[in-house]
Amino acid sequence: MDAPDAPATVSAVDRAGRTAAGLSAADVAERVASGRTNAFDADTSRTWWSIIRANVFTLFNAIVFACFAALLALGRWQDALFGLAAIFNALIGCYQEIRAKIALDRLALLNAPRARVRRDGVEAEIAPADVVQDDILVLRAGDQVPADAEVLSEHGLQVDESMLTGESDPIDKHPGGQLFSASIVVSGRADARATQVGADSYANRFAGEAKRFSLVQSELRRGVNRVLAWVAWGIGPIALLVTNAQVQVQGGWDEAFADGSWRQAAVDSIAVITAMIPLGLVLLTSIAFAVGAARLAAEKVLVQELPAVEGLARVDIICLDKTGTLTYGDIAFDAVYPFDDRATGWRDALGWFGRAPDANATARSLAEGFPAGAALVAEREIPFSSKRKWSAVSFAGTDARGTWVLGAPSLVFPDAATRAVPWSGPCAENDEASLADATNELASTGRRTILLAYCPVPLDDGNVKAETLPAHLEPIAALTLQEHVREDAAQTLQYFAEQGVDVKIISGDSPQTVAAIARDLGLDVPHGFDARELPEDSDALADVLSQHTVFGRVSPEQKKGIVVALQSRGRVVAMTGDGVNDALAIKQADIGIAMNSGSAATKAVARLVLLDGKFSHLPAVVAEGRRVIANMERVSMVFLTKTAYATTIAILFGIMIMEIPFLPRQLSITDGLTIGIPAFFLALLPNTQRYIPGFLRRSLSFAIPAGLVVGLALTVFSRIAGHLWGVAIEELRTGSTIIVAVLGIWVLALISLPLTWIKAAILVAMVGGLAIILNVPIAIDFFQLVWPREDAVMLIAGLCAVGIVLIGIIRAVQQTYIRRQLTSLPERRLNSGND
């Protein structure tokens, strides 16, 4: 049962006492007993069971293992070798994804903050999970807020909520203000009361919604599963048809059961059924994904789900979170604009501000731009406060003696609109402008602008005590700051532009700031769009998205809505980010990419994790995905050709009551020489072909007619040689094996064009392997091969010649059709994932 934020019976006196002393031991025990603790079981990745279930309990495995078990039960283990493909496929998938899970779980353990609380008047550090509701949290600079809390008292408190909201600027917090769990205290200190703990806290609510599991969308996997579904629907009736035909060939059902010949009929039926299933295609797809994942691991990219290797190659639009993705999330010094060249010591003063022990993030950014010069010793100091938005210091005995003030222009100089300064910007008149105009002009570029001021009079005790500025301050210089842009961001954005991938930059920061950074990275964006004006309707939102590139003030829910709107227009969306505020959008995207520096929740739902946080790895991911897709499309034609001819002979032989001219073990010859072995190498070769949607349609446009040619050739051979010439079944099986092997190697040669020396070597090796199997005694005995008589050999040669010509024509027509289709496709849709 959820507890209220504070019990109704707590009086104002009790509250005051708790603020000072915190909860008592009895209070803590009562809250622990009622479950009002901060304990939260946040999954960091997929569970072991979900990985095993996804890779073992599949339709493919169900069909294959049923046939595998049937052959073992019949005592024909030699014909059950195909079951190894299913076993290896499951093991490879499980191994790769479990390895990714272990790596991700280790990453999550790297961040184990401690929480500081006050109980019974004593401060203590405890595990965040041990915080209870109403605990008094004692927060200092650098602390992570362990639970949602209400500020009770504070001094100069600033909080970084970028991981939650995307807003990179520190947020001032005052008594009564809300603190969100997982935010970071940037400066100041505070006492706060924990209001929402555990699963009810802001960050954990996002994590809870984001961790609902869903498989990555994979065109390869979807295409293979579609073929398996078609085979599954047809395999029952076809199996009955084939089995009946094989029993009839043995003399009918009564005689088959009487003399045990039903066993051979079952073996023949299983031979055709297993031939219909593209066994190696499923295995090879997993191998290709696993090899791709291993290659990306060497590039510091963790692949959490194997098909994600393919995903980024299909993406046609990528949504980038600014903070943590395009930028490091910290503030960097940009430029200085002096107003008075005669002033001395101001650079030393800026260097002191940048190196002061209690400097905030803004001041620290000045250290790199202003190296330490003269040794300055502060005589009096007023530390920075988020209320005042300025800090001041007096030095004595140096060129920098006097008072120096660093802060927001409008608060250091309330009369900035009337104070004139030398200025040469667009707003200047006669090389002069008001201080307000000058600083506003700098701020309009998206940079954060601060001001250095000076007066020769040092701070006195009254100034320090009342935190007031001395009179007669003069503006010395304006400084602009910006977020530290990642060195690889511009180059990576240029790569995506060259590849026709649209880019959308979405952030919780102000639109002007985000647009300025986008311009620095080479994007042509005159201004950003304020997400507070985005429509809620998905269709209207998609229209706005098509017109703008940069969006600021985007809420976490809006980020997810942007992804959904883009997907509604048929776009394949990638989303990058590192904060909890990005988790929902990363979860919704077709491919979610997280930075290793991000939150555990974000990394858990992402498909890819950039372990070293380098955005420049994404082109390598795209290239690897393209290699996988292009090569798998090529080899899928070989596998699906086998499915097509197996289905053809199953139907024709079943209708014509003919004995199947194969043993399952003989099919392993053709599977190995024309499909399995060469396809393995072809799938791993380099391939830079750009992704084109619709691989299954293109594969079937060749595989079905080519499979019909092979199936008809086998039917003609069995009908003429077996029924008309009376050739023995052993010779028919050998002849059928030769026909399939020769035509299969021809199909392999066609899909390998243009030939390279590696592809040519593979083809020569396969021809040599066939010759060895047909002539080595051990192989002949194991595969039960008997060389056909002379007239049957002539028939085999003639059918192979006709098949080679017809399949060559089919391939030529298919390639011509594909080229015509490609020329009619708009360039920007070449990367679309629609089939």
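Because the structure is predicted, anything quoted here is derived from the model rather than measured.

### Let's talk about the sheet that holds strand β17 (residues 474-485)
Item 1. Taken together, 6 strands build an open sheet; the order of strands is β10-β17-β16-β13-β12-β11 and the sheet is antiparallel. The open sheet has two edge strands, β10 (327-338) and β11 (378-385), and neither has a second partner. Mean inter-strand twist for the sheet, computed between neighbouring axes without regard to direction, equals 20 degrees.
Item 2. The pairing of strand β16 (residues 448-455) with β17 spans 7 bridges and is classified as antiparallel. Directly across from Arg 448, in β17, lies its bridge partner Leu 481.
Item 3. Across the sheet, helix α13 (residues 346-355) is in contact with β10, β11, β12 (390-395), β13 (402-407), β16 and β17; its angle to β13 comes to roughly 55 degrees.
Item 4. Against the sheet, helix α17 (residues 435-443) makes contact with β10, β16 and β17, and its axis sits at roughly 145 degrees relative to β16, the strand it touches most.

### So, the pairing of strand β21 (residues 573-577)
Item 1. Extensive coverage of β21 is indicated by the burial of 5 of its 5 residues.
Item 2. Alternating positions in β21 separate into two faces, Val 573, Met 575 and Gly 577 on one and Ala 574 and Thr 576 on the other, with burial throughout.
Item 3. Relative to β21, strand β9 (residues 317-321) runs parallel, the two sharing 4 bridges. Bridging across to β21, Leu 320 finds its partner in Thr 576.
Item 4. By the bridge criterion, 4 bridges tie β21 to strand β22 (residues 591-595) in an arrangement that is parallel. Paired with Ala 574 across the bridge in β22 is Ile 591.

### Quick word on the packing of helix α25 (residues 618-655) against helix α27 (residues 695-724)
Item 1. Running from amino to carboxyl end, α25 crosses α27 at an angle of 40 degrees, the nearest separation of the two axes being 6 Å. Taken together, the axes of α25 and α27 lie oblique to each other. Our pair here, α25 against α27, has a crossing hand that is right-handed.
Item 2. Taken together, the residues that form the contact of α25 with α27 break down as 18 nonpolar, 8 polar and 2 charged.

### Considering the sheet that holds strand β23 (residues 608-610)
Item 1. The 8 strands are arranged β8-β23-β22-β21-β9-β18-β20-β19 in an open sheet whose pairing can be described as mixed. Here the strands that pair on one side only, and so sit at the sheet edges, are β8 (301-303) and β19 (529-530).
Item 2. Examined bridge by bridge, β9 and strand β18 (residues 502-506) share 5 bridges and lie parallel to one another. Following the sheet pairing, Cys 319 is matched in β18 by Lys 504.
Item 3. Along the sheet face, α25 touches β8, β9, β21, β22 and β23 and points at about 145 degrees away from the line of β23.

### Side note on the packing of aromatic side chains
Item 1. Counted under the stated rule, the structure contains 10 aromatic pairs.
Item 2. Summarising the aromatic geometry, the rings of Phe 333 and Phe 370 are spaced 5.1 Å apart at their centres and angled 65 degrees between planes, so their arrangement reads as edge-to-face. Of this pair, Phe 333 sits in strand β10 while Phe 370 sits in the loop between α15 (366-369) and β11, and the two are 37 residues apart along the sequence.
Item 3. With a centroid separation of 5.7 Å and an interplanar angle of 70 degrees, the aromatic rings of Tyr 495 and Phe 496 are classed as edge-to-face. With respect to class, Tyr 495 is no different from Phe 496; both count as buried.

Definitions and limits used
- Throughout this document, residue positions are counted from 1 along each chain, in the order its sequence is written.
- Only residues with pLDDT of at least 70 are given local features in this predicted model, and only at 80 or more are side-chain atom pairs given and counted; all residues enter the totals for whole chains, interfaces and linings.
- Hydrogens and waters are ignored; side-chain quantities use all the structure's heavy atoms.
- The criterion for strand pairing is that DSSP finds at least two bridges linking the strands in question.
- The helix and strand labels rest on DSSP assignments: H or I over at least four residues marks a helix, E over at least two residues marks a strand, and numbering proceeds from the N terminus.
- Fitting a line to C-alpha atoms yields each axis, with helices limited to the stretch in contact; the angle taken between N-to-C directions then spans 0 to 180 degrees.
- Working rule for contacts: check all heavy atoms of both residues, and any pair within 4.5 Å makes them a contact.
- Think of it in three bands: residues with accessible area under 20% of the maximum for their type are buried, residues over 50% are exposed, and the middle band is partly exposed, with areas taken using a 1.4 Å probe on protein chains only.
- The scheme is simple: roughly parallel for angles under 35 degrees, roughly antiparallel for over 145, roughly perpendicular for 65 to 115, oblique for anything else.
- Throughout, a crossing is termed right-handed when the near helix is turned clockwise from the far one, and left-handed when it is turned anticlockwise from it by less than a right angle.
- Charged means Asp, Glu, Lys or Arg here, nonpolar means Ala, Val, Leu, Ile, Met, Phe, Trp, Tyr, Cys or Pro, and polar covers whatever is left, Gly included.
- Working definition: rings of Phe, Tyr and Trp (its six-membered ring) pair if their centres are within 6.5 Å, and the pair is stacked with planes under 30 degrees apart, edge-to-face with planes over 60 apart, and tilted otherwise.

These values are about where atoms sit, not about what they do.
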